[in-house]
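Given next are the chains, with one letter for each unit.
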Amino acid sequence: MRRPLSLALRVTLLFGIAAAVVFPVFGWFINRSIEAHFSVEDINELRVIAQAVQRAWAAVRSEDDLPIIEGRINDILVGHHNASLYLTAHDGQTIYASPGPDLSGIIKAAMADNSKDTTREWREGDNHYRVLILRMEEGAAGNAPYTVAVAVAIDHHLHFLDEFRRALWLMIAAGIAVMCLMGWIAVRRGHAPLHDVASQIRQISANRLKTRLAAESVPAELADLAGSFNEMLERVDEAFQRISNFSADIAHELRTPVTTLMTQTQVALAQARTPDEYREILYSNIEEYERMTQMIGDMLFLAKADNGLCQPDSTEVDLGKEVRSLFDYYEVLAEERRVLLALEGAAVVFGDRLMLRRALSNLLSNAIRHTPSGQTVRVRLESGDNDETRISVENPGPTIPAIHIPKLFDRFYRADPSRQRSGESTGLGLAIVKSIIDAHGGGIDVTSADERTAFRITLYGRPRFPE
């Protein structure tokens, strides 16, 4: 896959494209404005000459006045550099023609077009002219209509415009190049904070997860990025610590049964024993193997849950039936501890029956172990509004300090350190419960007060699976 263009190159190209569009448009407008300015100035000058000639010609009373009028016309043209004049009668006869270009041809073209008042550009040889043609309805002393053609050379204007266009296009090209360079410099300087952030990020390692980006020292546009990155580091640091603690806890939890197995095996091999003694040692080892098997199974389940591999089914589950079945299963343990089991209410939900049964089993086992002799563990089922189902597993017993409540669902966490090696629990039961409830899109919380602890689960009619 082709690598995308760099941001610096993209922004530089955008600067160049914008300049390549805007500058030529401005140059075109400037060129057109100057051309229009010269045209207006030339036309105004031509009209001044034409009006002066018209006033002079109106003073003609007879043919005897023609030499005097011609002198006045010559005087008029003297005041206008490179101006030419041509007068023709309505029948095409030349009345007056000043030295310079022959304007008879352009007058004939105008008369053929029936143009009364027109301005044209005309070329004769290498010279260019702007010509004003006026057709007068009446001449002097009742003479017939006549036509006046006044021309002025515009070669110097055209030469100036050619030079100006060359200079203008050079300036436009230079402006585009300067804009591209300025865009590249601006982007490079603008990306400097990004390079600083990248440099800080490169220094982060597993041993430096406490490093944080200073959000107040970066531009406002990068403040959200820095804040989001710091939040990500918090989550990564927390997950890393959890994994590190989890690994240490696994090693600690497995070391004890492995040590026990090794010690018992070494003792058994230290001297000859009877078959019954070997059988007793093997039975003792089986207990440790079972505990290790349960722990490994629990860890595998949690690993699958962490990676979204435990997707629950959606079948109808009669919670009352499942709880009564668990009561039968834990009847022996409850009688041994002289603990009573009670069920209140009924409810039906949609979910994974085996997973929900495992969660209820862990909560019920935990409650039985922590209930004083002669007391009752109560399970309440209640169907609420919005298709909600609430499950409460409540047992009497020592109040759990508030400092331990948020950590009860952590793996291998025990609120009572004295129960660390009781052999009754792997320390993963409550973590598994939370994973199962989370997989069903529900919630679980704990309250402990007045020597009574309650785990409350909220489930919905159909599992709200995480996206």
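The structure we're discussing is the one just above.
Residues numbered from 1 in each chain as written. Predicted model: local features only at pLDDT ≥ 70, side-chain atom pairs only at ≥ 80, totals over all residues. Heavy atoms only, no water.

J.: So what's going on with the overall build of the chain? Residues and values would help.
T.: Scanning the chain from terminus to terminus reveals 11 helices and 12 strands. The buried share of the chain, reckoned over its 467 residues, is 36%. Sequence separation of 24 or more characterises 63% of the internal contacts of the chain that already satisfy a separation of 6 or more. (Helix = DSSP H or I, 4+ residues; strand = E, 2+ residues; numbered from the N terminus. Buried < 20%, exposed > 50% of the residue type's maximum accessible area, 1.4 Å probe, protein only. Contact = heavy atoms within 4.5 Å.)

J.: With reference to specific residues and values, describe the environment of A173.
T.: Along the polypeptide, A173 turns up in helix α4 (residues 155-190). Look at A173 and you get partly exposed, because its relative accessible area is 45%. Remark: the alpha-carbon pair of A173 and A20, spanning 153 residues in sequence, is separated by 8.2 Å.

J.: Before we move on, can you summarise the pairing of strand β12 (residues 452-460) with the specific residues and values?
T.: The sheet contact formed by strand β10 (residues 388-396) and β12 spans nine bridges and is antiparallel. Across the sheet, residue E394 finds its bridge partner in β12, namely A454. Pairing analysis gives seven bridges linking strand β11 (residues 443-449) to β12, with the strands arranged antiparallel. Bridge pairing in β12 places A449 opposite R452. If you look at the hairpin formed by β11 and β12, you'll find two residues sitting between the two strands, and D450 has a positive phi there, around 55°. (Pairing = 2+ DSSP bridges.)

J.: Summarise the packing of helix α7 (residues 275-306) against helix α11 (residues 429-439); cite the residues concerned and give the values.
T.: Viewed as axis vectors pointing N to C, α7 and α11 meet at an angle of 30°, and their least axial separation amounts to 10 Å. Considered as vectors, α7 and α11 are oriented roughly parallel to each other. Crossing angle aside, the handedness with which α7 passes α11 is left-handed. Residues D298, F301, L302 and A305 of α7 touch α11, and the partners they reach there are A431, I432, S435 and I436. (Axes fitted to C-alpha atoms, helices over the stretch in contact; angles between N-to-C directions. Parallel < 35°, antiparallel > 145°, perpendicular 65-115°, else oblique. Left-handed = near helix turned anticlockwise from the far one by under 90°.)

J.: For the packing of helix α1 (residues 7-58) against α4, give the residues involved together with the corresponding values.
T.: Orientation of α1 relative to α4, taken along the N-to-C sense of each, is 160°, at an axis distance of 8 Å. With respect to α4, the axis of α1 lies roughly antiparallel. Here the hand of the crossing between α1 and α4 comes out right-handed. Taken together, the residues of the contact of α1 with α4 sort by class into 22 nonpolar, seven polar and three charged. (Nonpolar A, V, L, I, M, F, W, Y, C, P; charged D, E, K, R; others polar.)

J.: Tell me about the sheet that holds strand β1 (residues 83-89), residues and numbers included.
T.: One key point about sheets: their strands pair by backbone hydrogen bonds, in either a parallel or an antiparallel sense. With antiparallel pairing, the five strands of this open sheet are ordered in space as β2-β1-β5-β4-β3. Unpaired on one side and paired on the other, β2 (94-97) and β3 (117-124) mark the two borders of the sheet. The average angle at which neighbouring strand axes cross in this sheet is 20°, direction not considered. One ladder, built from eight bridges, connects β3 with strand β4 (residues 127-136); its direction is antiparallel. By the bridge assignment, E124 is partnered in β4 with N127. Strands β1, β2, β3, β4 and β5 (146-153) of the sheet are contacted by α1, whose axis makes an angle of about 45° with β4.

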